[in-house]
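# Reading the structure
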Amino acid sequence: MGYQLPRKTADTLFCRLREHYEIFAPKLFAGDGCFSDTDVIRYDKVSSLDEIEFDRRSDYSFKEALFAVNETLFYFTENETTIPSCTDKKLLIFLKSCDLHALKRLDAIYLENGPEDFYYKRLREKACFVLMDCGETCDTGFCAGMGTNRSDNYDLYLKCGEETVWIDCPSEELLSDLKEAGLNEAGETACAVTPNYVTQNKETVTLPKKLSVESFDNPLWEAYGSRCIGCGRCNFVCPTCTCFTMQDIHYRDNENVGERRRVWASCQVDGYTDIAGGGSFRQKQSDRLRFKVMHKIYDFEKRFGYPMCVGCGRCDAVCPEYISYANLVNQLAEEDAK
Amino acid sequence: MMKNEYIPFPSQVKKIIRHTDIEYTFRMEFTGEVKPGQFFEVSIPRYGEAPISVSGIGPDTIDLTIRKVGKVTNQIFENFEGNHLLIRGPYGNGFDIENYKNKELFIIAGGTGLSPVKGIVDYFSSHPGEAADTTLIAGFKSPDDILFKQDFEQWEKNIRVIKTVDSAPDGYQGQTGMVTKYIPDLPVKNPDNAVFIIVGPPAMMKFTVIEVQKRGIPEQNIWISYERKMCCGLGKCGHCKMDSTYICLDGPVFNYKEGKNLID
């Protein structure tokens, strides 16, 4: 059961919702892309539906709304530590189905693997998720084969037309906030609203089923990895990559005062495994590529019961060396069949 | 309010034991459950955090043996007795003493690899009757690199100790050669009742395991401990992952049967 309402009404509604919510959504930054005259779509706080990029897949995922690229864990003055305060508002995060599936993977690492993460949890508890559908498949995604093309665990589904907006709001809390903001159940047209979803992608990926410790020696890693320049972009765009490194900084005016931060880390970049005294593991890019791919399609599943990769295809779109993760995985699967 | 595991607590440096110019043991104030082989994240704000194994456990202290090799540890050496270090932990599984009781126990350690196993050596040295037999082979690069010299004097009274250095100046009285040199002659009575704990740099562990297996020791009787980069100690930062295993949560101590399949 859902509602159909004029886009103008919906916009006013979301505007008012900002009293209680910070709204994060993909936004088009024209001319801000890596190369000249290219755009980038990434997450930011928005204040109206007009600012949201509904159609195209974002280049960066929603994950930065829940854990920032660099996040202050505490401020320190000698032996005293102070934890930064957190927003009082709730979070409303717009995302597509692949990313909503990625959320489950982030939860697995940050809430289930060892003790719960304080900083992730305090934002996660405040977060509501708004599903946007994909009118048509993106170029490099392969969600259909991964089973991540559909989601029904959204708090709100929203489809935005030129003049009309359709919503379905299974979350009672959000529905009541929407009503408070002016959603008039009597005034809007009640109708059946169900999310559309992509059933076929341009890219098809089959996961290999027979990966094992022996797969570590596969020559495919070298074939693909020899082209890798270790820039780490695939990790930063991935909605399921969660690694970080600690970083302490101090203020120029007083060295005894500063903060400890965690910053996103990449398993493809030098330094990821460095230990004191000069030791390190996986020096070859091909070993690092193997480490990443095996994590996405093999060892995460061994630990948590489902693959880590959600098939969003962002890593293939961003790679400056045109290394195709999708092709690599398919080739691994073909070898299975032999 | 849920617990914030990232916030370290100040712990006073009770005593400093200087082993070499670059390796000191810091006896830190700590009360709580700790096992040998577990580790703490030790930090100095503005320089960072480093994972350090527990090298000794007292009633209200823990020993952290720190080698001055990195940004954080260099700075730790500047903070001496009476001062505080910030610590959090303990993390990791640690060694379970019960696995070694009533066995012929052989502990082989390379360099600072002795720190994580020192708690076990201490235990069986002070309770020699609880193991069928206890032997320690400890290898260091040179006589100047020998750690825990005072402890060795104590251990030598109670258990079999082979203290060897890779190379030594002419006239050195002690034993020389790699730890692997001493494995063929170890007095193993019953391989099925012998347990080996092997901790040290990756190459040392690899060749030591090979030698030990030549003695007919079954895989499940060998225990190892891995050293990896760990930023959080909480299974989040990802740096220590090997296959589906997080060294900080599931390790760092592994039975070799499981540990041998972990590839970086």
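Because the structure is a prediction, the values reported are computed rather than measured.

With that settled, the discussion passes to the overall build of chain A. Scanning chain A from N- to C-terminus turns up ten helices and twelve strands. Relative to the compact-globule value of 20 Å for 338 residues, chain A shows a C-alpha radius of gyration of 22 Å, a close match. Its C-alpha atoms put chain A at 65 × 60 × 40 Å along the principal axes. Expressed as a percentage of the 338 residues in chain A, the buried residues total 40%. For chain A, long-range pairs separated by at least 24 residues make up 74% of all intrachain contacts whose partners lie at least 6 apart in sequence.

Residue and element names in this part refer to chain B. Each domain of chain B was delimited in the assignment, giving domain 1 (9–91) and domain 2 (97–225). A straight line from the C-alpha centre of domain 1 to that of domain 2 covers 24 Å. Each partner contributes to the interface: domain 1 provides twelve residues, whereas domain 2 provides 14 residues. Among the elements of the structure, β4 (48–57) and β5 (61–67) are those that each provide at least two residues to the side of domain 1 that touches domain 2. In terms of residues, the side of domain 1 that touches domain 2 owes the most to one element, β4, which gives five residues. Taken together, the residues that form the side of domain 1 that touches domain 2 break down as three nonpolar, seven polar and two charged.

Another point: the sheet that holds strand β11 (residues 194–199) of chain B. Residues and elements named next belong to chain B. Taken in spatial order, the seven strands of this open sheet run β10-β9-β8-β7-β11-β12-β15, and their pairing is mixed. Strands at the two margins of the open sheet, each flanked by one partner only, are β10 (175–176) and β15 (253–255). Note: β11 against strand β12 (residues 222–225), three bridges, orientation parallel. Residue pairing across strands places F196 opposite I222, the latter belonging to β12. Of the strands in this sheet, β7 (104–110), β8 (133–140), β11 and β12 touch helix α2 (residues 114–126), which is tilted by about 150° from β7.

Glancing now at unusual backbone geometry. Residues G89 of chain B and P90 of chain B are joined by a peptide bond in cis, for which omega reads 0°. Along the chain, the position of P90 of chain B falls in strand β6 (residues 84–91). Residue P252 of chain B is reached from G251 of chain B by a cis peptide bond, and omega for that bond is 5°. Within the secondary structure, P252 of chain B sits in the loop between α5 (247–250) and β15. Even without being a glycine, R282 of chain A presents a positive backbone phi close to 55°. Inspection of the secondary structure assignment puts R282 of chain A in the loop between β12 (254–264) and α8 (285–304). What makes R282 of chain A partly exposed here is the crowd of 17 C-beta atoms within 10 Å. One non-glycine residue, Y322 of chain A, lies in the positive phi region at around 55°. By the secondary structure assignment, Y322 of chain A is in the loop between α9 (314–318) and α10 (325–337).

Taken together, the 35 residues of chain B in the interface contact 39 residues of chain A. When contributions to the side of chain B that touches chain A are tallied by element, the ones reaching two or more residues are β4 and β6 of chain B. Among the elements that make up the side of chain B that touches chain A, the one with the highest residue count is β4 of chain B (three residues). Here the side of chain B that touches chain A is composed, by residue class, of 15 nonpolar, ten polar and ten charged.

This part is about α8 of chain A. Residue and element names in this part refer to chain A. With 20 residues, α8 ought to run about 28 Å at 1.5 Å a step, and its terminal C-alpha atoms sit 26 Å apart, in line with that. Where α8 bends most, at H295, the angle is about 60°. Count one or two residues on from α8 and you reach G305, which has phi positive near 95°.

What follows concerns the environment of L106 of chain A. Locating L106 of chain A in the fold gives a position in helix α2 (residues 97–112). Excluding residues within four positions of it along the chain, L106 of chain A makes contact with K63, L66, T240 and T242 of chain A.

This part takes up the sheet that holds strand β6 (residues 90–95) of chain A. Note on sheets: strands pair through backbone hydrogen bonds, and any given pair is parallel or antiparallel. Residues and elements named next belong to chain A. The strand order across the open sheet formed by eight strands is β3-β2-β6-β7-β8-β9-β1-β10, and the pairing between neighbours is mixed. Looking at strand neighbours, the two that pair on one side only are β3 (40–45) and β10 (189–191), the edges of this open sheet. Taking each pair of neighbouring strands and ignoring which way they run, the sheet shows an average axis angle of 25°. As paired elements, strand β8 (residues 156–160) and strand β9 (residues 164–168) share four bridges and run antiparallel to each other. Note on β9: the bridge partner recorded for K159 is W166. Strand contacts of helix α1 (residues 7–17): β1 (2–6), β2 (21–29), β6, β8 and β9, with the helix running at about 105° to β1, the strand carrying the most contacts. The sheet contacts of α2 involve β6 and β7 (127–131), and relative to β7 the element is tilted by about 150°.

With that settled, the discussion passes to helix α5 (residues 172–180) of chain A. Residues and elements named next belong to chain A. Within α5, burial applies to L174, D177 and L178. In a view along the axis of α5, the buried residues occupy a sector of 100°, so they form one face of it. Across α5 from its buried face, at more than 90 degrees, point the exposed residues E172, S176 and E180. The inward-facing, buried residues of α5 abut α1, β7 and β8. Phi turns positive, to about 125°, at G182, one or two residues after α5.

By size, the foremost hydrophobic cluster in this structure holds 115 residues, and its most contacted members are I93 and V130 of chain A together with L64 of chain B. In this structure, I120, V161, I197 and M205 of chain B belong to the second largest nonpolar core, which totals 42 residues.

All names here are of chain A. Its location among the elements puts D168 in strand β9. For D168, a count of 19 C-beta atoms within 10 Å puts it in the partly exposed group. Along the backbone, D168 and Y43 are 125 residues apart, and their C-alpha atoms lie at a distance of 23 Å.

The next thing to look at is the environment of N99 of chain B. Positionally, N99 of chain B belongs in the loop between β6 and β7. Each C-alpha atom of the pair N99 of chain B and N221 of chain B lies 9.3 Å from the other, and the pair is 122 residues apart in sequence.

With that out of the way, let us pick up the pairing of β1 of chain A. Residues and elements named next belong to chain A. Where β1 meets β10, three bridges bridge the pair, whose relative direction is antiparallel. Along β10, the bridge assignment pairs Y3 with A190. Two strands pair when backbone bridges link them, and β1 and β9 are joined in this way by four bridges, in the antiparallel orientation. Opposite Q4, over in β9, you have W166 as the bridge partner.

Definitions and limits used
Every chain is numbered on its own, with residues counted from 1 as its sequence reads. Key to labels: chains lettered from A, ligands numbered from 1, both in the order written. Only residues with pLDDT of at least 70 get local features here, since the model is predicted, and only at 80 or more are side-chain atom pairs given and counted; chain-wide, interface and lining totals rely on the full set of residues. Working definition: helices are DSSP H or I runs of at least four residues, strands are E runs of at least two. Numbering for both runs from the N terminus. Radius of gyration: over C-alpha atoms. The globule rule applied is 2.2 Å multiplied by the number of residues raised to the 0.38 power. Residue burial is a threshold on neighbouring C-beta atoms within 10 Å of the residue's own C-beta, all placed from the backbone, with 20 or more meaning buried, 12 or fewer meaning exposed, and counts in between meaning partly exposed. Any two residues are considered in contact once their C-beta atoms, placed from the backbone, lie within 7 Å. Boundary definitions for the domains trace back to an automatic or database domain assignment. Just so you know the grouping, Ala, Val, Leu, Ile, Met, Phe, Trp, Tyr, Cys and Pro go in nonpolar, Asp, Glu, Lys and Arg go in charged, and all remaining residues, Gly too, go in polar. Note on pairing: DSSP must find at least two bridges between two strands before they are called paired. Every axis in this analysis is a line fitted to C-alpha atoms, fitted for helices over the stretch in contact. Angles between the N-to-C directions lie between 0 and 180 degrees. Between the first and last residue of a helix there are one fewer steps than residues, each counted as 1.5 Å, and that sum is the expected span. Note that the bend at a residue is defined as the angle between axes fitted to the seven residues ending at it and the seven residues starting at it. Directions from the helix axis toward the C-beta atoms define the arc. A set of buried residues qualifies as a nonpolar core if it consists of Ala, Val, Leu, Ile, Met, Phe, Trp, Tyr and Cys joined through C-beta atoms within 7 Å.

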